[in-house]
Amino acid sequence: MNTICVTGSTHYIQHSMKLKNNHLFVIMEKNHYYKLGSEKNAIKKLLVPMSAIRYMVKLNDKGHHLVDLGGKYCGVINIKNIFNFFYFPTNPSIIPHAVDVILKKLNLSLKKLRKMVAFEKPRTCTKFSKNTIESTGVLFEDEAETPDGGLDKNIEAFKSANKKLELVWQRVVFFVVTHVAGIYGAYLAVVLAKWQTNIFAFILTILSSLGITVGAHRLYAHRAFRAKLPLEVLILFFQTMAFQFSAYHWARDHRVHHKFSETDADPHNAKRGFLYAQIGWLLYRKQPEVTIKAKSIDFSDLKSNPLVMFQHRHYFILTLIICYIMPTMAAIYFWNETFSNALFVTAMLRWICVFHGINTINSFAHLYGNKPYDKNYNPSENIIASILTVGEGWHNYHHVFPWDYKASELGHYALNWGTVFIDFFAKTGWAYDLKSVSPQMIKNRVHRTGDGSHPIWGWGDKDQGIEEIKSAIIF
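Thresholds, definitions, all that
Residues numbered from 1 in each chain as written. Predicted model: local features only at pLDDT ≥ 70, side-chain atom pairs only at ≥ 80, totals over all residues. Heavy atoms only, no water. Helix = DSSP H or I, 4+ residues; strand = E, 2+ residues; numbered from the N terminus. Buried < 20%, exposed > 50% of the residue type's maximum accessible area, 1.4 Å probe, protein only. Contact = heavy atoms within 4.5 Å. Areas by Shrake-Rupley, 256 points an atom, 1.4 Å probe, with all protein chains shown as cover. Phe/Tyr/Trp six-rings, centres within 6.5 Å; stacked < 30°, edge-to-face > 60°. Lys NZ or Arg CZ within 6 Å of the ring centre and 35° of its normal. Core = buried A, V, L, I, M, F, W, Y, C linked by side-chain atoms within 4.5 Å. Patch = residues over 30% accessible without salt bridge, like charges linked within 9 Å, V, L, I, M, F, W, Y side chains within 5 Å. Salt bridge = Lys/Arg side-chain N within 4 Å of Asp/Glu carboxyl O. Expected span 1.5 Å × (residues − 1). Axes fitted to C-alpha atoms, helices over the stretch in contact; angles between N-to-C directions. Parallel < 35°, antiparallel > 145°, perpendicular 65-115°, else oblique. Left-handed = near helix turned anticlockwise from the far one by under 90°.

A tally of helices and strands in the protein chain yields 20 helices and 10 strands. In the protein chain, buried positions account for 51% of the 475 residues. Put simply, 69% of the contacts in the protein chain that link residues at least 6 apart link residues at least 24 apart. Total accessible area on the protein chain stands at roughly 23900 Å², and carbon and sulfur atoms take up 62% of it.

This is the structure we're talking about:
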């Protein structure tokens, strides 16, 4: 009789097993501990994908069985009863004699079963980090543990960087091809392309960047403001043009990044170095801790947003149209640009510029700069990142107060076009419920955790001289 195996170890994922005589079909899940209770509640708590469940039920007709060898004890159950029996392997006291009863029913002994099965660790198997991973940041204002918006613990102890990485060669090939195309686009922009094409590409670069910084970042990842339907459609259009995954995907990874910054659960952990934070994190297979810790974060607001989920479901066809076809055809149609100039300048070169500009947030702004708001955070204030991301380089402030729609203390209109964009639409009524942080809270945080690099606070600051106060003109 063939057997289906589902492992439940908390230390490994993607185990495979083989019987000495019969091959075991493996249905993998990272951590499928089932809590006992009613059938309805148990199904709600299932972590095994429903596609796997359907496949198991289908194979049940052929007499297959489920084997659970994921914990200290193992249980063998008939797949037909998958929804009626849930075994918690690390706590056998819940069902004292369940294993023995089921084994006897199948005329097997635990000893015999263990002899039948040999574990095999495949190349895709990844061991979890031995370091304890806890949150090193806050996402929203209601998660703060201190009056000034911080965490009441030493986050330095939880920072880590597992160096064991696995390249995904398909991604390497993709980025090599797109970068060669972008470099060729830069050559065409200087030598052959029309001036209208270059200006058009620059405008699209700014709009694409705003789609990420204002849309995926401030609106969806941090809920820093709310947008009415016309503005949300416009933002999603710009965000799709940027081709940096769907708004849901981007916001999901970014929330995990904030919550577990500079740990093995950080998607682009800057402790692995500049190149990893800039581009390498997209070339390597995602660390299992990222996926595991993502399950502890609430994404229900994104999943319940019909526009976000529509874009997520149809993202790649939308990207093909909005990021590549539309800019290319616009340049050809309106000012008779050649196809190669239009494609490589307005699409390929522009995409490379947006990609690397946005990713300076992960690299430059996490490795270089001062930390006036919290010296314990790796994110820093970096003017290079501010320029290249149209306003996201005030990163120490942003990680301290991520719910502020300005992503900076004062807005800095000259280098924060994202704030200009939001403020403009706030005046039209399309953007509303803009969140910010009180000056007193900022001042308290600077005094408690800053590195001393914050400029003079201004009127009423303890460093302000009496003569300056007397000479001031107050209207």
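Note on placement: Thr319 falls in helix 13 (residues 315-335). Classification of Thr319 by relative accessible area gives buried; the value is 2%.

Working definition: an aromatic ring pair is given by the centre-to-centre distance plus the angle between the planes. Tallied over the entire structure, the rule returns 26 aromatic pairs. When the centroid spacing of 6.3 Å and the interplanar angle of 85 degrees are considered together, the rings of Phe174 and Phe243 count as edge-to-face. Of the two residues, Phe174 sits in helix 5 (residues 169-191) while Phe243 sits in the loop between helix 7 (229-242) and helix 8 (247-259), which places them 69 residues apart along the sequence. Seen from their ring centres, Phe175 and Phe355 are 5.4 Å apart, and the 45 degrees between their planes marks the pair as tilted. Placement of Phe175 in helix 5 and of Phe355 in helix 14 (residues 339-359) is noted, with a sequence separation of 180 residues between them. An aromatic cluster is built from Phe174, Phe175, Phe243, Tyr315, Phe316, Tyr324, Trp351 and Phe355, whose rings are joined through pairwise contacts. The ring of Tyr377 has Arg445 lying over it, and the distance from NZ or CZ to the ring centre is 5.8 Å.

Tyr220, Phe225, Leu231 and Phe421 are the most contacted members of the largest nonpolar core, which has 40 residues in total. Contributing elements (two or more residues each) for this core: helix 6 (195-221), helix 7, helix 8, helix 10 (288-294), helix 12 (306-313), helix 13 and helix 18 (417-428). Looking at this core, the element that brings in the most residues is helix 6, giving 8 residues. Counting 17 residues, the second-largest nonpolar core is a separate cluster that includes Val172, Phe175, Tyr324 and Ala347.

With that settled, consider the environment of Ala227. Looking at the element boundaries, Ala227 is found in strand 9 (residues 226-227). Considered as a pair, Ala227 and Ile422 are 195 residues apart in the sequence and their alpha carbons are 9.3 Å apart. Not counting residues up to four positions away in its chain, the partners in contact with Ala227 are Leu219, Glu232, Trp430 and Tyr432.

Residues Trp195, Ile199, Phe202, Ile203, Tyr413, Trp417 and Val420 make up a contiguous nonpolar surface patch of about 750 Å² in total accessible area. Listing elements by their share of the nonpolar patch, those giving two or more residues are helix 6 and helix 18. The greatest single-element share of the nonpolar patch, amounting to 4 residues, is contributed by helix 6. Considering the arrangement of structural elements, one finds Trp195 in helix 6.

Bringing unusual backbone geometry into the picture now. For Phe243, which is not glycine, the phi torsion reads 50 degrees and is therefore positive. Judged by relative accessible area, Phe243 falls into the buried class, the value being 15%. At Glu262, a position not held by glycine, the phi torsion is positive, near 60 degrees. Structurally, the position occupied by Glu262 is in the loop between helix 8 and helix 9 (274-283).

What follows deals with the pattern of salt bridges. One pass over the structure, following the stated rule, counts 10 salt bridges. Salt-bridge contacts for Arg255 lead to Asp301; the nearest nitrogen and oxygen are separated by 2.7 Å. Remark: Asp301 occurs in helix 11 (residues 300-303) and Arg255 occurs in helix 8; sequence separation between them is 46 residues. Assessed through its relative accessible area of 23%, Asp301 is described here as partly exposed. Ionic contacts of the salt-bridge type, sharing partners, join the residues Arg223, Arg255 and Asp301 into one network.

A word on helix 7. Along its 14 residues, helix 7 runs 20 Å from first to last C-alpha, staying within 8% of the 20 Å computed at 1.5 Å per residue. Regarding helix 7, the residues found buried are Leu231, Glu232, Ile235, Leu236, Phe238, Gln239, Thr240, Met241 and Ala242. Remark: Phe243 follows helix 7 within two positions and exhibits a positive phi of approximately 50 degrees.

With that settled, consider the packing of helix 5 against helix 14. It is the contact of helix 5 with helix 14, at a shortest axis distance of 7 Å, that shows an interaxial angle of 120 degrees. Overall, the two elements helix 5 and helix 14 adopt an arrangement that is oblique. Between helix 5 and helix 14 lies a crossing of left-handed hand. In this structure, helix 5 contributes Phe174, Phe175, Thr178, His179, Ala181, Gly182, Tyr184, Gly185, Ala186, Leu188 and Ala189 to the contact, and helix 14 contributes Ser340, Asn341, Phe344, Val345, Met348, Leu349, Trp351, Ile352, Phe355 and His356.

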